[in-house]
Amino acid sequence: MHITILSSSTRLNRASHRVALALEYAINRQGIHTAEVLDLAEYRFPLMEEVLHRHPNPPDGLTDFAEKVRSSDAHIFVSPEYNGSYTSALKNAVDYLKEGEFARKTIGVASVTTGMLGGIRAALAMQQLVLGISGFPIPQMLTVGNVLQRFGEEGTLLEPAFEKNIAAFLKNFFWLAEAVAEKKEALMTVDGRR
Ligand SMILES: Cc1cc2nc3c(=O)[nH]c(=O)nc-3n(C[C@H](O)[C@H](O)[C@H](O)COP(=O)(O)O)c2cc1C
(Lines give C-alpha, C1' and ligand atoms only; values in the text may rest on other atoms or scores of the structure.)
Protein backbone atom coordinates (compact mmCIF):
# COMPACT_ATOMS: atom_id res chain seq x y z
CA MET A 1 0.00 0.00 0.00
CA HIS A 2 1.05 3.56 -0.59
CA ILE A 3 0.24 6.10 2.12
CA THR A 4 0.16 9.85 1.68
CA ILE A 5 0.73 11.98 4.76
CA LEU A 6 -0.77 15.46 4.53
CA SER A 7 1.41 17.91 6.44
CA SER A 8 -0.93 20.78 7.21
CA SER A 9 0.98 23.64 8.76
CA THR A 10 2.02 26.42 6.39
CA ARG A 11 3.44 28.52 9.24
CA LEU A 12 7.01 29.84 9.12
CA ASN A 13 9.15 27.88 11.59
CA ARG A 14 6.45 25.26 11.93
CA ALA A 15 6.95 22.32 14.24
CA SER A 16 4.23 19.83 13.28
CA HIS A 17 6.00 19.00 10.00
CA ARG A 18 8.49 17.11 12.16
CA VAL A 19 5.77 14.61 13.05
CA ALA A 20 4.81 14.16 9.37
CA LEU A 21 8.46 13.39 8.56
CA ALA A 22 8.73 11.01 11.52
CA LEU A 23 5.65 9.06 10.40
CA GLU A 24 6.96 8.89 6.83
CA TYR A 25 10.25 7.53 8.11
CA ALA A 26 8.60 5.03 10.47
CA ILE A 27 6.37 3.59 7.72
CA ASN A 28 9.13 3.35 5.12
CA ARG A 29 11.50 1.82 7.67
CA GLN A 30 9.03 -1.03 8.33
CA GLY A 31 9.54 -2.00 4.68
CA ILE A 32 5.99 -3.30 4.20
CA HIS A 33 4.23 -0.22 2.86
CA THR A 34 5.48 3.05 1.37
CA ALA A 35 4.76 6.58 2.60
CA GLU A 36 5.13 10.05 1.13
CA VAL A 37 4.58 13.46 2.72
CA LEU A 38 2.41 15.90 0.77
CA ASP A 39 3.47 19.26 2.16
CA LEU A 40 0.77 21.95 2.00
CA ALA A 41 3.41 24.62 2.67
CA GLU A 42 5.11 23.62 -0.57
CA TYR A 43 1.89 23.44 -2.57
CA ARG A 44 0.74 26.90 -1.39
CA PHE A 45 -2.79 26.49 -2.72
CA PRO A 46 -4.79 29.73 -2.82
CA LEU A 47 -8.14 29.93 -1.03
CA MET A 48 -10.55 27.63 -2.82
CA GLU A 49 -12.65 29.52 -5.39
CA GLU A 50 -13.91 26.41 -7.15
CA VAL A 51 -13.51 22.67 -6.69
CA LEU A 52 -10.89 21.03 -8.90
CA HIS A 53 -13.17 19.16 -11.29
CA ARG A 54 -15.06 22.36 -12.14
CA HIS A 55 -12.10 24.74 -12.04
CA PRO A 56 -11.42 26.50 -15.35
CA ASN A 57 -7.80 27.17 -14.42
CA PRO A 58 -6.62 24.98 -11.51
CA PRO A 59 -3.90 26.42 -9.25
CA ASP A 60 -0.35 25.17 -9.78
CA GLY A 61 0.22 21.72 -8.34
CA LEU A 62 -3.43 20.98 -7.60
CA THR A 63 -3.91 18.38 -10.34
CA ASP A 64 -0.72 16.64 -9.26
CA PHE A 65 -1.81 16.76 -5.60
CA ALA A 66 -5.21 15.27 -6.47
CA GLU A 67 -3.57 12.50 -8.49
CA LYS A 68 -1.24 11.64 -5.61
CA VAL A 69 -4.19 11.48 -3.23
CA ARG A 70 -6.29 9.47 -5.68
CA SER A 71 -3.58 6.91 -6.39
CA SER A 72 -2.69 6.24 -2.76
CA ASP A 73 -4.46 3.64 -0.67
CA ALA A 74 -4.75 5.35 2.72
CA HIS A 75 -3.85 8.66 4.33
CA ILE A 76 -2.65 10.27 7.51
CA PHE A 77 -3.59 13.87 8.29
CA VAL A 78 -1.05 15.69 10.47
CA SER A 79 -2.06 19.07 11.85
CA PRO A 80 -1.21 21.38 14.71
CA GLU A 81 -4.04 22.55 16.92
CA TYR A 82 -5.00 26.10 16.00
CA ASN A 83 -7.70 27.64 18.17
CA GLY A 84 -9.18 24.30 19.05
CA SER A 85 -9.17 22.78 15.56
CA TYR A 86 -6.96 21.78 12.64
CA THR A 87 -5.47 24.23 10.14
CA SER A 88 -7.46 26.09 7.53
CA ALA A 89 -4.84 24.94 4.99
CA LEU A 90 -5.93 21.34 5.52
CA LYS A 91 -9.62 22.17 5.08
CA ASN A 92 -8.84 24.28 2.01
CA ALA A 93 -6.85 21.48 0.34
CA VAL A 94 -9.47 18.85 1.12
CA ASP A 95 -12.31 21.08 -0.11
CA TYR A 96 -10.73 21.31 -3.56
CA LEU A 97 -11.17 17.56 -4.01
CA LYS A 98 -14.80 16.60 -4.47
CA GLU A 99 -14.46 13.63 -6.77
CA GLY A 100 -14.17 11.01 -4.08
CA GLU A 101 -10.38 11.03 -3.82
CA PHE A 102 -10.61 10.20 -0.10
CA ALA A 103 -13.75 8.07 -0.09
CA ARG A 104 -13.58 4.51 1.27
CA LYS A 105 -10.01 4.98 2.41
CA THR A 106 -8.62 4.63 5.89
CA ILE A 107 -7.50 8.00 7.25
CA GLY A 108 -5.55 8.30 10.49
CA VAL A 109 -5.12 11.64 12.26
CA ALA A 110 -2.19 13.08 14.21
CA SER A 111 -2.39 16.36 16.12
CA VAL A 112 0.56 18.38 17.33
CA THR A 113 1.21 21.15 19.87
CA THR A 114 4.22 22.75 21.45
CA GLY A 115 2.37 22.64 24.77
CA MET A 116 1.82 19.47 26.73
CA LEU A 117 -1.80 18.72 25.73
CA GLY A 118 -1.16 17.47 22.18
CA GLY A 119 -4.20 18.95 20.44
CA ILE A 120 -6.95 16.45 21.14
CA ARG A 121 -9.54 18.96 19.87
CA ALA A 122 -7.76 19.19 16.51
CA ALA A 123 -7.59 15.39 16.33
CA LEU A 124 -11.31 15.01 17.05
CA ALA A 125 -12.14 17.72 14.50
CA MET A 126 -10.03 15.90 11.90
CA GLN A 127 -11.95 12.71 12.59
CA GLN A 128 -15.16 14.63 11.82
CA LEU A 129 -13.54 15.87 8.61
CA VAL A 130 -12.69 12.28 7.67
CA LEU A 131 -16.36 11.33 8.04
CA GLY A 132 -17.32 14.34 5.91
CA ILE A 133 -15.20 13.10 3.00
CA SER A 134 -16.48 9.51 3.34
CA GLY A 135 -13.20 8.17 4.67
CA PHE A 136 -12.84 5.57 7.44
CA PRO A 137 -11.36 7.15 10.58
CA ILE A 138 -9.57 4.91 13.04
CA PRO A 139 -10.58 5.26 16.70
CA GLN A 140 -6.99 5.80 17.85
CA MET A 141 -5.34 9.19 17.32
CA LEU A 142 -1.71 10.17 17.61
CA THR A 143 -1.57 13.26 19.82
CA VAL A 144 1.86 14.82 20.14
CA GLY A 145 2.39 17.37 22.90
CA ASN A 146 5.77 19.00 23.58
CA VAL A 147 6.71 18.46 19.95
CA LEU A 148 9.95 20.47 20.15
CA GLN A 149 11.25 18.26 22.94
CA ARG A 150 10.19 15.05 21.21
CA PHE A 151 11.23 15.57 17.58
CA GLY A 152 14.18 17.19 15.85
CA GLU A 153 13.77 19.38 12.77
CA GLU A 154 14.11 16.50 10.33
CA GLY A 155 11.67 14.34 12.26
CA THR A 156 14.25 12.53 14.33
CA LEU A 157 12.80 11.15 17.52
CA LEU A 158 14.46 12.81 20.52
CA GLU A 159 12.45 10.99 23.19
CA PRO A 160 12.88 7.22 22.69
CA ALA A 161 9.89 6.38 24.91
CA PHE A 162 7.58 8.07 22.40
CA GLU A 163 8.42 5.39 19.83
CA LYS A 164 5.76 3.14 21.36
CA ASN A 165 3.04 5.78 20.75
CA ILE A 166 3.99 5.91 17.07
CA ALA A 167 4.14 2.12 16.81
CA ALA A 168 0.73 1.68 18.46
CA PHE A 169 -0.85 4.31 16.21
CA LEU A 170 0.60 2.75 13.06
CA LYS A 171 -0.41 -0.75 14.16
CA ASN A 172 -4.04 0.34 14.52
CA PHE A 173 -3.90 2.37 11.31
CA PHE A 174 -2.61 -0.55 9.25
CA TRP A 175 -5.02 -2.99 10.89
CA LEU A 176 -7.93 -1.14 9.28
CA ALA A 177 -6.11 0.02 6.14
CA GLU A 178 -5.08 -3.56 5.30
CA ALA A 179 -8.59 -4.86 5.99
CA VAL A 180 -10.08 -2.24 3.65
CA ALA A 181 -7.47 -3.03 0.98
CA GLU A 182 -8.28 -6.76 1.22
CA LYS A 183 -11.98 -6.04 0.85
CA LYS A 184 -11.31 -3.95 -2.25
CA GLU A 185 -9.15 -6.70 -3.75
CA ALA A 186 -11.91 -9.23 -3.11
CA LEU A 187 -14.49 -7.00 -4.81
CA MET A 188 -12.17 -6.49 -7.78
CA THR A 189 -11.83 -10.26 -8.18
CA VAL A 190 -15.57 -10.85 -8.04
CA ASP A 191 -16.94 -8.12 -10.30
CA GLY A 192 -14.22 -5.60 -11.09
CA ARG A 193 -15.57 -2.91 -8.78
CA ARG A 194 -13.94 -1.31 -5.78
C1 LIG B 1 -2.96 30.46 15.31
C2 LIG B 1 -2.50 29.53 16.41
C3 LIG B 1 -3.44 28.96 17.24
C4 LIG B 1 -3.04 28.06 18.24
N5 LIG B 1 -3.99 27.45 18.99
C6 LIG B 1 -3.63 26.47 19.86
C7 LIG B 1 -4.61 25.71 20.55
O8 LIG B 1 -5.81 25.87 20.37
N9 LIG B 1 -4.19 24.76 21.42
C10 LIG B 1 -2.85 24.52 21.64
O11 LIG B 1 -2.52 23.65 22.44
N12 LIG B 1 -1.89 25.22 21.00
C13 LIG B 1 -2.25 26.19 20.11
N14 LIG B 1 -1.29 26.90 19.43
C15 LIG B 1 0.12 26.59 19.66
C16 LIG B 1 0.57 25.54 18.65
O17 LIG B 1 0.32 24.25 19.16
C18 LIG B 1 2.06 25.66 18.37
O19 LIG B 1 2.35 26.97 17.95
C20 LIG B 1 2.49 24.69 17.28
O21 LIG B 1 3.88 24.76 17.14
C22 LIG B 1 1.82 25.03 15.97
O23 LIG B 1 2.16 24.09 14.99
P24 LIG B 1 3.08 24.48 13.76
O25 LIG B 1 4.34 24.95 14.39
O26 LIG B 1 3.24 23.25 12.98
O27 LIG B 1 2.39 25.55 12.97
C28 LIG B 1 -1.67 27.79 18.44
C29 LIG B 1 -0.73 28.40 17.58
C30 LIG B 1 -1.14 29.23 16.58
C31 LIG B 1 -0.10 29.83 15.66
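The structure under discussion appears in the preceding block.
Conventions adopted
Residues numbered from 1 in each chain as written. Predicted model: local features only at pLDDT ≥ 70, side-chain atom pairs only at ≥ 80, totals over all residues. Heavy atoms only, no water. Near = heavy atom within 4 Å. Polar contact = N/O pair within 3.5 Å; in protein donor to acceptor, adjacent residues only side chain to side chain. Nonpolar A, V, L, I, M, F, W, Y, C, P; charged D, E, K, R; others polar. Helix = DSSP H or I, 4+ residues; strand = E, 2+ residues; numbered from the N terminus. Buried < 20%, exposed > 50% of the residue type's maximum accessible area, 1.4 Å probe, protein only. Arc of directions from axis to C-beta. Contact = heavy atoms within 4.5 Å. Phe/Tyr/Trp six-rings, centres within 6.5 Å; stacked < 30°, edge-to-face > 60°.

## Here we look at the site of the ligand
With respect to spatial proximity, 14 residues lie near the ligand, and among them Ser9, Arg11, Ala15, Ser16 and Tyr82 are the closest. Glu81 is positioned with one of its side-chain polar atoms (N or O) 2.8 Å from a nitrogen atom of the ligand. Among the residues forming the shell around the ligand, the class breakdown is four nonpolar, six polar and four charged.

## Overview of the side chain of Ser111
Note on placement: Ser111 falls in strand 4 (residues 106-112). Within the structure, the side chain of Ser111 is placed 3.0 Å from the backbone oxygen of Gly119, a separation counted as a polar contact.

## With respect to helix 3 (residues 62-70)
All of the buried residues in helix 3 are Leu62, Phe65, Ala66 and Val69. Relative to the axis of helix 3, the buried residues are bounded by an arc of 95 degrees and lie together on one face. On its buried face, helix 3 sits against strand 1 (2-7), strand 2 (34-39), helix 2 (40-43), strand 3 (74-80) and helix 4 (88-96).

## Details of the packing of aromatic side chains
Applying the stated criterion across every chain, the model contains eight aromatic pairs. A centroid spacing of 5.2 Å and a plane angle of 70 degrees characterise the contact between Tyr43 and Phe65, whose relative ring orientation is edge-to-face. Of this pair, Tyr43 sits in helix 2 while Phe65 sits in helix 3, and the two are 22 residues apart along the sequence. Like Tyr43, the residue Phe65 is buried in the burial classification. Ring centres 6.4 Å apart and planes at 15 degrees place the aromatic pair Phe169 and Phe173 in the stacked group. One end of the pair, Phe169, and the other, Phe173, are both in helix 7 (residues 163-191), four residues apart, so they sit about a helical turn from each other. Side by side, Phe169 and Phe173 carry an identical accessibility label, which is buried. What links up through ring pairs into an aromatic cluster is the set Tyr43, Phe45, Phe65 and Tyr96.

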